[in-house]
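Residue-level listing of the chains:
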Amino acid sequence: QDWWVGRVITTTSAANAAYCRGLGANHTIDYRHQDWWDTSVIPDASIDIVYDTVGQAGTGDRAVAKLRDNGKYVTITGQLATPPLPRGISQTMFINSDTNQGSALLMDALAELVASGSLRMHHIDSTFPLARVAEAMDRSKTGHVVGKVSVIIHTPERPLFEARHLEDVRRGMY
């Protein structure tokens, strides 16, 4: 609930609702029993931002219907809404496996937020060395990760985390 956000609504399973509320969500929607796009769950034209991390077919179009004037739809999955968008509504893709190389500046900005303590992950589900990145992706694709899957990258030119930070990562400090 930082960064000028008034209300956070998220979809999750009932088992993870308390975890999401602990991260700042005001309201959770159990995706196993409710569809967030149903107008009885979230009224149309009632949301400022929709941030999609799932990417079901049709998500972009459903999200646009929920947005207020000047609303923003952001996806990490590439499931954009079908143009033309309503006047004042915008959409964008943000860091995903297809766009990471072009997102180095965004990744640096996120690293600065982490370093300052403004952005942190409360729970790391699992941690993998870069050599096992395929296993990390497989874990992420299960759809049942609580928190984040972390890949530790060490390079002499640009260390992401120094060795002393590894324990902090395991404890969920990043």
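Residues numbered from 1 in each chain as written. Predicted model: local features only at pLDDT ≥ 70, side-chain atom pairs only at ≥ 80, totals over all residues. Heavy atoms only, no water.

Asks: For a nonpolar patch on the surface, give the residues involved together with the corresponding values.
Replies: Among the surface-exposed residues, Leu130, Val133, Met137 and Ile153 lie close enough to one another that they form a single nonpolar patch of about 300 Å² accessible area. Looking at the secondary structure, you find Leu130 in the loop between β6 (124-129) and α4 (133-141). For Leu130, a relative accessible area of 45% corresponds to the partly exposed category. (Patch = residues over 30% accessible without salt bridge, like charges linked within 9 Å, V, L, I, M, F, W, Y side chains within 5 Å. Areas by Shrake-Rupley, 256 points an atom, 1.4 Å probe, with all protein chains shown as cover. Salt bridge = Lys/Arg side-chain N within 4 Å of Asp/Glu carboxyl O. Helix = DSSP H or I, 4+ residues; strand = E, 2+ residues; numbered from the N terminus. Buried < 20%, exposed > 50% of the residue type's maximum accessible area, 1.4 Å probe, protein only.)

Asks: Just give me the short version of the pattern of salt bridges, but keep the residues and values in it.
Replies: Throughout the structure, instances matching the rule amount to four salt bridges. For the salt bridge of Lys66 with Asp44, the shortest nitrogen-to-oxygen distance reads 2.8 Å. Of this pair, Lys66 sits in helix α2 (residues 59-66) while Asp44 sits in the loop between β2 (27-30) and β3 (47-52), and the two are 22 residues apart along the sequence.

Asks: Describe the pairing of strand β1 (residues 9-12), naming the residues involved and giving the relevant values.
Replies: Pairing geometry for β1 and β2, over four bridges, is parallel. Bridge pairing links Thr10 to Thr28 in β2. Handedness of the crossover joining β1 and β2 through helix α1 (residues 17-22) is recorded here as right-handed. (Pairing = 2+ DSSP bridges. Right-handed = clockwise from strand over helix to strand, strands pointing away.)

Asks: Just give me the short version of the sheet that holds strand β5 (residues 90-93), but keep the residues and values in it.
Replies: Spatially, three strands are ordered β3-β4-β5 in an open sheet, and the strand pairing comes out parallel. Two strands bound the open sheet, and with one partner strand each, they are β3 and β5. Sheet twist, expressed as the average angle between the axes of neighbouring strands with direction ignored, equals 10°. Here α2 sits on the sheet in contact with β3 and β4 (67-75), set at roughly 150° to β4. (Axes fitted to C-alpha atoms, helices over the stretch in contact; angles between N-to-C directions. Contact = heavy atoms within 4.5 Å.)

Asks: Would you mind going over the side chain of Thr12 in detail, with residue names and values included?
Replies: As for its position among the elements, Thr12 is in strand β1. When residues no more than four places from it in sequence are discounted, the contact partners of Thr12 are Ala17, Cys20, Thr28, Ile29, Asp30 and Tyr31.

Asks: Can you lay out the environment of Ala136 for me, pointing to particular residues and giving the numbers?
Replies: By the secondary structure assignment, Ala136 is in helix α4. Counting along the chain gives 13 residues from Ala136 to Val149, while the straight-line C-alpha distance between them is 6.5 Å. Residues contacting Ala136, with those up to four places away along its chain left out, are Phe128, Val149 and Val151.

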